[in-house]
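# Examination of the molecular architecture
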Amino acid sequence: MSVRFKNQRILHNLLDHPVHPTMTDVLYWFSKRFYDVVITSAYREGDTGIHGYLPLRAVDVRSTIYSNPALVAEETNRYWDYDPKRPGRYQVAFLHDVGRGIHLHLQVHPRTVRR
């Protein structure tokens with residue numbers, strides 16, 4: 001199991017802020033299941049989206065290190081349910097590109113649970 005960070009700023013953005021306990025659980029599970037994890041984004045001060053919430057509820061993970069990142073997201077979503085009160089509407093893991101390159105986005109909700 002290896003968890004690395006894109007740079008020292010990302011490490012500090014994770015360690016210097018409270019992390020939602022479920023996000024901690026997801027990251028621990030993810031790092032055990034997929035071994036090599038590179039976190040490329042965590043808390044973003046001033047962000048109006050989920051990366052700006054405290055306690056931290058979202059991180060981005062480099063997807064290019066996996067041979068099939070779509071399968072990584074799919075397997076993560078089979079194990080985790082983002083919000084059982086809104087089935088199928090949101091996911092814990094998905095691939096996307098918001099202008100900085102395609103990556104895995106991991107997110108949790110206060111109601112996120114293991115399936």
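Here, the structure is the one placed above.
Since this is a predicted model, take the numbers as computed values, not measurements.

In this section: the pattern of salt bridges. Side-chain pairs of opposite charge can arise where the charged atoms are in close proximity. For the structure shown, the criterion picks out eight salt bridges. As a salt-bridge pair, Arg-86 and Asp-83 come within 2.7 Å of each other at their nearest N and O atoms. Judged by its relative accessible area of 25%, Arg-86 falls in the partly exposed class. A single salt-bridge network, built from bridges that share partners, covers Arg-44, Asp-47 and Asp-60.

Judged by how many residues are buried, strand S3 (residues 58–62) sits mostly within the fold: four of five residues are covered. In terms of strand pairing, strand S2 (residues 36–41) meets S3 through two bridges, oriented antiparallel. Within S3, the residue paired with Ile-39 across the bridge is Val-61. Sheet topology note: the S3/strand S6 (residues 103–107) ladder contains five bridges and is antiparallel. Looking at S6, one finds that Val-59 is bridged to Leu-106.

Listed as buried for helix H3 (residues 69–79) are Pro-69, Val-72, Ala-73, Glu-75, Thr-76 and Asn-77. Each element contacted by the buried residues of H3 is listed here: helix H2 (21–34), strand S4 (80–81), strand S5 (93–96) and S6.

This part takes up the side chain of Ser-31. Here Ser-31 lies in helix H2. When its relative accessible area of 3% is taken as the criterion, Ser-31 is described as buried. In contact with Ser-31, other than residues within four places in its own chain, are Met-1, Val-3 and Val-37.

Between the C-alpha atom of Ser-31 and that of Tyr-43, which follows or precedes it by twelve residues, the distance is 19 Å. Of note is the side chain of Ser-31, whose polar atom sits 2.9 Å from the backbone oxygen of Tyr-28.

For S6, the tally of buried residues reaches five of five residues, placing the bulk of the element in the interior. Burial of S6 is two-sided: the residues His-103, His-105 and Gln-107 facing one way and the residues Leu-104 and Leu-106 facing the other way are all buried. With four bridges connecting them, S5 and S6 associate as antiparallel partners. The residue of S6 that forms the bridge with Phe-94 is His-105. Counting the residues in the hairpin turn of S5 and S6 gives six residues, including Gly-99, whose phi is positive at 105 degrees.

Each value, and the rule that gives it
- Residues numbered from 1 in each chain as written.
- Predicted model: local features only at pLDDT ≥ 70, side-chain atom pairs only at ≥ 80, totals over all residues.
- Heavy atoms only, no water.
- Salt bridge = Lys/Arg side-chain N within 4 Å of Asp/Glu carboxyl O.
- Buried < 20%, exposed > 50% of the residue type's maximum accessible area, 1.4 Å probe, protein only.
- Helix = DSSP H or I, 4+ residues; strand = E, 2+ residues; numbered from the N terminus.
- Pairing = 2+ DSSP bridges.
- Contact = heavy atoms within 4.5 Å.
- Polar contact = N/O pair within 3.5 Å; in protein donor to acceptor, adjacent residues only side chain to side chain.

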